[in-house]
Every structure is written in structure tokens, then in C-alpha cells.
Amino acid sequence: MLRRVVLQTFRQGLAQSFFKRNAASLSESAVTQHPIETSEEASEKSGSKQKNGDESGNTVVVAPPEFRFMYPEFLPDPTMERRNKLKEKLERMDMLQRRSIIEIPEFYTGSIMAVTVADSNSPNKFARFVGICIQRGGSGLQAWFILRNVVDRQGVEILYEMYCPLIQKIEVLRLERRLDESLLYLRDALPEYSTFPFEMEAERRLNNSVVPINPIKVKLRPRPWLERWERQNLQGVEDLNLPQRYYDRAKEVAKPWEKYDLMLQYRKTIPAEEQEKIYAEVHSQLQQQDLKRKIKRRRGPSSEQ
Amino acid sequence: MSTLQSLNGSPFLLGFLFNHEQVRNMSRVKRRNTHPGYWLPLKNVQKKDDKISADNLRFVREVIQDKYKNKSPLKGSELQIEKTEWDPKTKRSGVIARNIGRQQMWDKAGNKIVCTVLHVLDNHVIRYIPPEEYVKTSRGAIHFKNKTPLGCLVVGAEATNPEKFTRQYCNLFSEVGLLPKKTLSRFIITPNAALPPCTPITAGHFLVGQAVDVYGKTIDHGFQGVVKRWGFKGGPASHGATKFHRRGGTIGTGRDKARVWPGTKMPGHMGSERRYNRGLMIMRINMKYNVIYVKGTVPGATNSMVRIFDTLLPLRKLKEAPPHPTYFPPEEGTQKEEDIWDSSLHVYGSPSISV
């Protein structure tokens, strides 16, 4: 009984939090799921914590549903042939170890970030790069993201592996989302949309629970382009102004049935029950690390004074 | 004509005209065995629908539990192992492991190292066959035809429910008092590395920094065409090519010995072959979960079984004594180190690298 309640709240919470995070409204209050704890009743079967903790009546820890968006790299690669629970567990332990050293903040495609990397070739041995995150991917220790900026009228993109020990600091200067999951079209857009000053300072978040969506529509340069953008259903791009035959051919080539293909979606994602288990496992450690950093930040300026 | 005949046997000209010799050897070797030997006991239960009542089924399970109840794996202190010395010519036992995937790590200079994660399953020694006995078996006679005979250690891994196996197969283990294992393997060892039955072998059997050979069966690609299997170039994709894009083309000449030579490269079964990846360095060992991280890749798909043993490569062989004959955890329960890393690796909990 309790299990069903837990699942419902997680899934409902998933949907709720998705809409909330996409809404730019400030009136919504923060949704924080407190860990659901039941009193420790005398249980006949003392099942393992991970397996059926809720059924046996022991403490049930459920991570907030936002974790699915904040820490997507904790979910493993969904390809069934390559999955192994022990290996994923060991990898998660290593990831948490690395996160205890540096803060890898929450970010999305469209956020403007600054990364400091140890570089033997640069004058002060550290190289700092500021850019907009155009794509992120990988799972586990192979998680990566690409930052793009235009430096001296030359577009530059750098792929950073999030868990590489050469990275000294990752800062999010502006946390926001765009209308698309991948901003690769910025390569064919006017350079002003990819230019961000290196001296940019971190902007304070107005509302901690909601990540604003930037509804900007980007103007593309005239053709030729690197990809056929008219075939990709881009939301964040202005009207492409192409002759009608391009749109006709895009319609012929399109696969509109894919959005109804349940098995395709199933194979591309990790089921909700597994996601719960994974985030429940890492949730407490991540919260502790977050808390420690907040305390350090508060103590930092006060200790100086 | 006479010049051609005289030059017929010359390897240089043969290679120059057509390379039949090499092709024949490569493709005529017996590459895979899809069935076990007829002399081995039947392993899996053939008839699965046994029409017995639920009560009787429960009774059968109780009997199995009683039979294996007191047979818990022995600790190092309870086993009677003779103290033998390790020397560079000793051949130790190997280990059966499962390839559970790949994980990347970084070294202290910031370079990425891709390691294969091998999970050492619950290995137990089933039997030791001394050299005099092993030479008399058919396999041993072939192996040690003109050499000094060595002993053979039979190791099993992954204990499973006895209901899945036949009685003959379970008897192999019940003499020793172990739950039947899913996988069995033989390791050729020198007599000074012999181990008594029921000895557990764990990941601590190896040292961090040593080189190992990993034996496995490659990924099974099934029936494959000539382009993927042998790397042929096929034909042009366009320019009017009629039904000739991924085919082999000619399979022989018309003149000399006008027939298809045995060993000609053609489509067929690809993969599922015995291979050794030699000299792989062990970068990290996790004693708690019995996991070894090996630098490089290993034959076979993820979640397949492999065998690991000390390397035969002369320049990478062990110079210092490893845990001989095998590793036993210290008596006082907990060990000193749970996770042992190679000195060149960057440990995840340590501060970021500053070059």
C-alpha cells in the first residue's frame, strides 16, 4: 500500500516538477519531497534496504523527482546488452567521490557556464573558458558537455568531460533552459547568438525552484548549413524562409509514428522504478555534499570579516 | 613453361602471383566448437515439466537445503595448505571472472585510461589432478607429449540451484561438498601451487600492477558476409553496378588447378572464437566487491565469462612473489585496504590535478 503511494508521488511529482520547471511563473512554491520515513515496525522478513525496503516496513528514502533533471548522468546507458548492476553501482560510488572534491552544479543546454581547467601550455597553468552549453550527453564517468563561444570572430567549441580530474572549477553563470534539447544550430546562426564575454559574472537566481526558459528565436545565416534544420522540428529558431519544396521533402522523410512507438521510448530510457532506486541510493550523499558547500559559502564571507 | 614450373615452389613468386598458402592456413584451422565433448557428463536438465505437486516440490527443496546446509565455504585457517615457496617458474592457478563492462579512469598526468571491469565470481577449487594422473588422460597426453607433465586444477564459479542440473553434474561437486557451479575451468599449474578442494579464490589472488592474460570467446557476430568477415572492399555503390555491392567477386582462377582452393575466404560464421589478450596490466582491485580493473579490452561481450591468469609474456612476467598459492584475507575479519589503486592512477577522492 505504502509502495503504491510512494510510486505515485514520485511519478506525479515527475510530471509536476517538469511543468513547474518549465513555467516561468514565480508564484509556484518550491516542491521539495521530504524523505518518507515510516516507523520501524517489527518485520518478519528483514529484506535488504535496496530491494523491498518499503514492503518490509523499514525506512524508505525517496529522492526528490527533480534529481532526474539535475543529475541525468547518474542514469546508466539504457542498452540492455551492456547493463550490469554491480558495475553501475561501483561507477556511482566513484562519481560521488569526485563530486565530493569539486562542485558539479546543475545545468541544462542553454546555460552559460565557465570552466577552469589545468593546462600546462597556458601562462598561469589554468585555462578558463566561458560559453553556452549546446549539448550534453554520456552517462556515468563519461558524462560530457560542449561549451560554445565566439572568440575574435572565430567560433570555438570545447567538449569537457565532467569527471575529468584536470577540471578545477565549473561555474554556472546563468542557469536557464532553451526551447530545444540540443543547440547545435548555433553553428549556423548569426555569431551574436553565441558570443558571451569572458568577464561575465554569475547572475543570481530569482527563484530557486524554477529554471526559467529562454523563449528566444535565433536567426540563422543564409544557406548552406551544416545540417538540414528544416527536418528537425526546432522550436528555438526563427522562420527559415526556405522554398516550399524543402518542407515538402521534409514531410516525406519525416517519421511521425515515432512519437507513438512505446517500445522505442522504452528502449531509450531507464524505467521509473529503477530510476527511483538509483536516486534513492545517491540522494543522501549528494544532499550532504550540497549542505557542506552551502555552510562553507556562508562561513567564507563571514570568516573574512 | 619450364621456368614457371621451376619457380612454382618459390614462396616469393607464389606470394607475388596469389597468396594461397597463407589464406589456406588461416581459414582451415578449426575455429570453434559448438558442442561439448561426448565424454563429459550431461549438464542441464533436459525435461523441465516435471508433473509433481506443490507439496512434493517443497519437500524436494527441503532435501536440497539439508544436503548443502552444513557445507559453507571454508576459510583459509581451516584448510590444510602446505607452505610452498614461489619461484619465477611456478605456474599459479587462474580465476574465472565475468566481464561487466568498461570504466574510464585518469592517470596523474590527466590522460584517460579505459579499463575493463572484471568481476571475480565465487571461485572454488573443485579438484586437483596431480601430474602423473593428468598425463594419463587424453587431454593431458596431448598437452605434455614431449614435455615434463604439470598438474591440473579444476576451478568452478557461480554457485546455482541444483535443480537446474542433472544428477551426474551435481555429483562432481557433492563429493567435495559444494553447491553445483555454473562454469568450470581447468588451469595448468606446477605441483607447488596446488590447492585443496573447497579453497575460495578471490580478486586478491592478483597484485595491482601485475600483467595478466585474459582468455575469452569473442563476440558472436553470426553468419556474416565477406565484407565484414574478411574486410573485402565489395563493389561500387553506384555507377551502374548491377547487384554487386557487398559480394566477394572471383573465387579462383580458371587455369592452374581449376577448382576452389580449400580455405578460400567466403561468407560464414564469424566470432565466438577462443582468443587471448595478453599482457594486460591490472590497474585497480576492489577487495570488497571482488572486482579487478584491467587496462585495455578483453575478448567477448559484456556479461560474458573470461579466465584470468598470470601472463606468459617473458618481459611482463611476475618478478616478485604474488600471493602464493592464493590469497587469504587476514584472520581478524576486516582488511587494511578495501580498494587498491595503481600508483600512477588518480584516485577519485583526491584533489584535482594541477599541472
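Per chain, residue numbering runs from 1 following the sequence as it is written. Both sets of labels track the order of writing: A upward for chains, 1 upward for ligands. In keeping with the model being predicted, local features are shown solely for residues with a pLDDT of at least 70 and side-chain atom pairs are shown and tallied solely at 80 or more, while totals for entire chains, interfaces and linings include all residues. Excluding hydrogens and water, the side-chain figures rest on all heavy atoms present in the structure.

Chain B carries the name Large ribosomal subunit protein uL3m in an unreviewed UniProt entry, which gives Daphnia pulex as its organism. UniProt positions are given in the numbering used here, feature names are shortened, and annotations may be inferred rather than shown by experiment. The heading Sequence similarities (unreviewed entry) in the UniProt record of chain B holds the text "Belongs to the universal ribosomal protein uL3 family."

For chain A, the name recorded in an unreviewed UniProt entry is Large ribosomal subunit protein bL19m, with Daphnia pulex as its organism. Checking UniProt for chain A, the heading Subcellular location (unreviewed entry) contains the comment "Mitochondrion".

(A) Quick look at the overall build of chain A. Under the scheme used here, helices are H or I runs from DSSP no shorter than 4 residues and strands are E runs no shorter than 2 residues, and both carry numbers assigned from the N terminus. Per the secondary structure count, chain A includes seven helices and five strands. Written out in order from the N terminus, the α and β elements of chain A read α-α-α-α-β-β-β-β-β-α-α-α. Taking all contacts inside chain A whose residues are at least 6 apart in sequence as the whole, residues at least 24 apart take part in 68%. The method behind every accessible area is Shrake-Rupley, applied with a 1.4 Å probe, and residues are considered shielded solely by the protein chains displayed. By element, 51% of the accessible surface of chain A is carried by carbon and sulfur atoms, the whole surface being about 18600 Å². By definition in these notes, contact holds between two residues if any of their heavy atoms fall within 4.5 Å.

(B) Expanded view of the side chain of T190 of chain B. Residue and element names in this part refer to chain B. Structurally, T190 is set in the loop between β5 (181-189) and β6 (200-201). T190 sits in the buried class, given a relative accessible area of 12%. N or O atoms within 3.5 Å of each other form a polar contact, as long as, within protein, one can give a hydrogen and the other can take it, and as long as residues adjacent in sequence are counted only when both atoms are side-chain atoms. A polar contact of 3.1 Å, which involves the side chain of T190, links it to the backbone nitrogen of K91. Within polar-contact distance, the side chain of T190 engages the side chain of N192 at 2.7 Å. Those residues in contact with T190 that lie beyond four places of it in its chain are K89, T90, K91 and L150. Burial here depends on accessible area, computed with a 1.4 Å probe over protein chains only, as a share of the maximum for the residue type. Under 20% is buried, over 50% is exposed, and the range in between is partly exposed.

(C) Local environment of unusual backbone geometry. That bond from R223 of chain A to P224 of chain A is cis: its omega, 10°, falls within 30 degrees of zero. Inspection of the secondary structure puts P224 of chain A in the loop between β5 (167-174) and α5 (244-253). Residues H324 of chain B and P325 of chain B are joined by a peptide bond in cis, for which omega reads -5°. Mapped onto the elements of the fold, P325 of chain B is located in the loop between β12 (305-310) and β13 (339-341).

(D) Main features of the interface of chain A and chain B. Taken together, the 28 residues of chain A in the interface contact 26 residues of chain B. Between chain A and chain B, roughly 2300 Å² of surface is buried when both sides are summed, and carbon and sulfur atoms account for 58% of that area. Accessible area, probed at 1.4 Å, shrinks when two parts are joined; the buried area is that loss added up over both. Of all residues in chain A, K87, L90 and P165 of chain A give up the largest surface area on contact with chain B, accounting jointly for 23% of the area buried on that side. Each reported salt bridge corresponds to a side-chain nitrogen of Lys or Arg within 4 Å of a carboxyl oxygen of Asp or Glu. Between D94 of chain A and R284 of chain B there is a salt bridge whose closest N-O contact spans 3.0 Å. For the pair chain A and chain B, the interface holds 12 residue pairs in polar contact (both at pLDDT 80 or more). Secondary structure elements with two or more residues in the side of chain A that touches chain B: α4 (85-99) and β5 of chain A. In terms of residues, the side of chain A that touches chain B owes the most to one element, α4 of chain A, which gives nine residues. In this classification, Asp, Glu, Lys and Arg are treated as charged, Ala, Val, Leu, Ile, Met, Phe, Trp, Tyr, Cys and Pro as nonpolar, and every other residue, Gly included, as polar. Of the residues that constitute the side of chain A that touches chain B, the class distribution is 13 nonpolar, five polar and 10 charged.

(E) A nonpolar patch on the surface, seen in detail. A cluster of nonpolar side chains, contributed by I52, F59, V60 and V63 of chain B, occupies part of the molecular surface with about 340 Å² of accessible area. Position of F59 of chain B relative to the elements: it lies in helix α4 (residues 54-69). Like-charged residues are merged into a patch within 9 Å and nonpolar side chains (Val, Leu, Ile, Met, Phe, Trp, Tyr) within 5 Å, provided each residue has over 30% relative accessible area and no salt bridge.

(F) Region of the structure containing the packing of aromatic side chains. Residues and elements named next belong to chain B. The rule is short: rings of Phe, Tyr and Trp, with Trp giving its six-membered ring, pair when the centres are within 6.5 Å, and they are stacked under 30 degrees, edge-to-face over 60, tilted in between. Taken as a whole and assessed by the stated rule, the structure comprises 15 aromatic pairs over all chains. On the numbers, 6.0 Å between centres and 75° between planes, the contact of W341 with Y348 is edge-to-face. Overall, W341 belongs to the buried group, its relative accessible area being 17%. Its end group placed over the ring of W261, R259 keeps NZ or CZ at 5.8 Å from the ring centre. A positively charged side chain is recorded as over a ring if its NZ (Lys) or CZ (Arg) lies within 6 Å of the ring centre. The angle to the ring normal must also be within 35 degrees.

(G) Here's a closer look at the nonpolar core. Among the nonpolar cores identified, the biggest contains 53 residues, and F74, F145 and Y163 of chain A are the most heavily contacted of them. Look past the residues within four positions of F74 of chain A in its chain and what remains in contact with it is R92, M95, L96, R99, Y163, I278, Y279, V282 and L286 of chain A. Definition of nonpolar core: a set of buried residues of the types Ala, Val, Leu, Ile, Met, Phe, Trp, Tyr and Cys, connected through side-chain atoms within 4.5 Å. Counting 30 residues, the second-largest nonpolar core is a separate cluster that includes I96, V120, V125 and V294 of chain B.

(H) How the structure looks around the sheet that holds strand β3 (residues 123-129) of chain B. Residue and element names in this part refer to chain B. Strands sit in the order β5-β4-β3-β6 across an open sheet of four strands; the sheet is antiparallel. In this open sheet, the two strands that pair with only one neighbour each are β5 and β6. If DSSP finds at least two bridges between two strands, the strands pair. Bridge count for strand β4 (residues 151-159) against β5 is eight bridges, and the pairing is antiparallel. Within the sheet, the bridge partner assigned to G151 lies in β5 and is I189. This element, helix α7 (residues 167-174), spans β3 and β5 of the sheet and lies at about 55° to β5. Fitted lines through C-alpha atoms serve as axes, helices being fitted only where they are in contact, and the angles separating the N-to-C directions of these axes extend from 0 to 180 degrees.

(I) Broad picture of the environment of F129 of chain A. Residue and element names in this part refer to chain A. Looking at the element boundaries, F129 is found in strand β2 (residues 126-137). When the C-alpha atoms of F129 and L147 are compared, they prove to be 8.3 Å apart, with 18 residues separating the residues in sequence. In this view, F129 contacts M113, A114, V115, L147, N149, V156, I158, Y160 and F198; residues no more than four positions away in its chain are not counted.

(J) Region of interest: the domain arrangement of chain B. All names here are of chain B. For the domain bounds, the source is a domain assignment made automatically or taken from a database. Each assigned domain of chain B is listed here: domain 1 (100-120 + 202-224 + 274-315) and domain 2 (121-198). Spacing between the C-alpha centres of domain 1 and domain 2 amounts to 23 Å. Taken together, the contact between domain 1 and domain 2 spans six residues of the former and eight residues of the latter. Buried area between domain 1 and domain 2, summed over both chains or domains, comes out near 560 Å², and the portion from carbon and sulfur atoms is 63%. Interface area lost by domain 1 to domain 2 is led by V120, M305 and R307, which between them contribute 76%. Counting every contact that joins domain 1 to domain 2 gives zero salt bridges. The tally of links from domain 1 across to domain 2 stands at three residue pairs in polar contact (both at pLDDT 80 or more). Listed by contribution, the elements that provide at least two residues to the side of domain 1 that touches domain 2 are β2 (112-120) and β12.

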